[in-house]
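# Structural characterization, general
These are the residues of each chain, in order.
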Amino acid sequence: MLLYNVAVVGATGLVGRKMIQVLEERKFPVGKVTFLASKRSAGKEITFGGTTHRVELLTSRSFAGIKIALFSAGAAVSKEFAPHAVQAGTLVIDNSSAYRMDPSVPRGVPEVNFDAIFRHKGIIANPNCS
């Protein structure tokens, strides 16, 4: 089975925690998981897959070896750090409004336009934060 190294940006927030819950409930094939957040939340602990992980400080170098990054930390954070993730070879799934209206960024809804996700340039926007 193919496993993906996944990062969750904004891991300690309400939506970030929900993303983590869904990854676990759906048994997404996670190899290594990295939880990223602001200085205020770095050092907190999150349990995933029966293992406790320490939340790391989000930096421009946080994405080495990460295949998929789920961003849910607001538009300013996405605008600042998503390009670093893409440069590291990471696919960004952005839940903020940062790229939602950018015509070069596909908005992916698997049940509606599944093929759109294959036309990305490193970032796929969620068409609505809810």
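This text goes with the structure placed above it.
Anyway, here's the lowdown on the structure attached to this text. (Residues numbered from 1 in each chain as written. Predicted model: local features only at pLDDT ≥ 70, side-chain atom pairs only at ≥ 80, totals over all residues. Heavy atoms only, no water.)

It is worth spelling out the sheet that holds strand 1 (residues 4–9) at this point. Read from one edge to the other, the open sheet built from six strands follows the order 5-2-1-6-7-8, with strand pairing classed as parallel. At either end of the open sheet lies a strand with only one pairing partner, and these are strand 5 (56–57) and strand 8 (123–125). With four bridges joining them, strand 6 (residues 68–71) and strand 7 (residues 91–94) adopt parallel strand pairing. What sits directly across from phenylalanine 71, in strand 7, is aspartate 94. Helix 1 (residues 14–25) rests against strand 1, strand 2 (30–37) and strand 6 of the sheet, and its axis sits at about 155° to strand 1. (Pairing = 2+ DSSP bridges. Helix = DSSP H or I, 4+ residues; strand = E, 2+ residues; numbered from the N terminus. Contact = heavy atoms within 4.5 Å. Axes fitted to C-alpha atoms, helices over the stretch in contact; angles between N-to-C directions.)

Below, the discussion takes up the nonpolar core. Counting residues in hydrophobic clusters, the biggest one holds 17 residues, and the most contacted among them are Phe63, Phe71 and Tyr99. Elements represented by at least two residues in this core include exactly strand 1, strand 6, helix 2 (75–87) and strand 8. For phenylalanine 63, the contacting residues outside a window of four places in its chain are Val9, Leu36, Leu58, Ala69, Phe71, Phe81, His84, Ala85, Ala88 and Thr90. (Core = buried A, V, L, I, M, F, W, Y, C linked by side-chain atoms within 4.5 Å. Buried < 20%, exposed > 50% of the residue type's maximum accessible area, 1.4 Å probe, protein only.)

On to the side chain of serine 72, then. Inspection of the secondary structure assignment puts serine 72 in the loop between strand 6 and helix 2. Not counting residues up to four positions away in its chain, the partners in contact with serine 72 are Val9, Gly10, Val15, Gly16, Met19 and Asn95.

This part covers the pattern of salt bridges. Under the definition given, this model contains one salt bridge. Across the pair arginine 54 and glutamate 45 runs a salt bridge whose closest N-O atoms are separated by 3.4 Å. In this structure arginine 54 comes out as exposed when scored by relative accessible area, which is 53%. (Salt bridge = Lys/Arg side-chain N within 4 Å of Asp/Glu carboxyl O.)

A separate point is the packing of aromatic side chains. For the structure on display, the rule yields three aromatic pairs. Considering the side-chain rings of tyrosine 4 and phenylalanine 28, the 5.8 Å spacing of their centres and the 35° angle between planes classify their relative orientation as tilted. Taken together, the residues tyrosine 4 in strand 1 and phenylalanine 28 in the loop between helix 1 and strand 2 connect sequence positions 24 residues apart. Its relative accessible area of 25% is what places tyrosine 4 among the partly exposed residues. (Phe/Tyr/Trp six-rings, centres within 6.5 Å; stacked < 30°, edge-to-face > 60°.)

This part takes up the pairing of strand 4 (residues 51–54). Both strand 3 (residues 45–48) and strand 4 contribute to a ladder of four bridges, which runs antiparallel. Across the sheet, residue isoleucine 46 finds its bridge partner in strand 4, namely histidine 53. The turn joining strand 3 and strand 4, which pair antiparallel and follow one another in sequence, is formed by two residues; a positive phi near 60° is taken by glycine 49.

This part takes up the side chain of threonine 34. Within the secondary structure layout, threonine 34 lies in strand 2. Among all residues touching threonine 34, those that are not within four sequence positions of it are Val6, Ala7, Val8, Glu56 and Ile66.

Bringing the environment of lysine 79 into the picture now. Mapped onto the secondary structure, lysine 79 falls in helix 2. Residue classification places lysine 79 among the partly exposed positions, given a relative accessible area of 45%. For the pair formed by lysine 79 and glutamate 24, sequence separation is 55 residues and the distance between their alpha carbons is 27 Å. Not counting the four nearest positions on each side in its chain, lysine 79 is found in contact with Ala98 and Tyr99. Within polar-contact distance, the side chain of lysine 79 engages the backbone oxygen of alanine 98 at 3.4 Å. (Polar contact = N/O pair within 3.5 Å; in protein donor to acceptor, adjacent residues only side chain to side chain.)

Everything listed is a geometric property; what it means functionally is a separate question.
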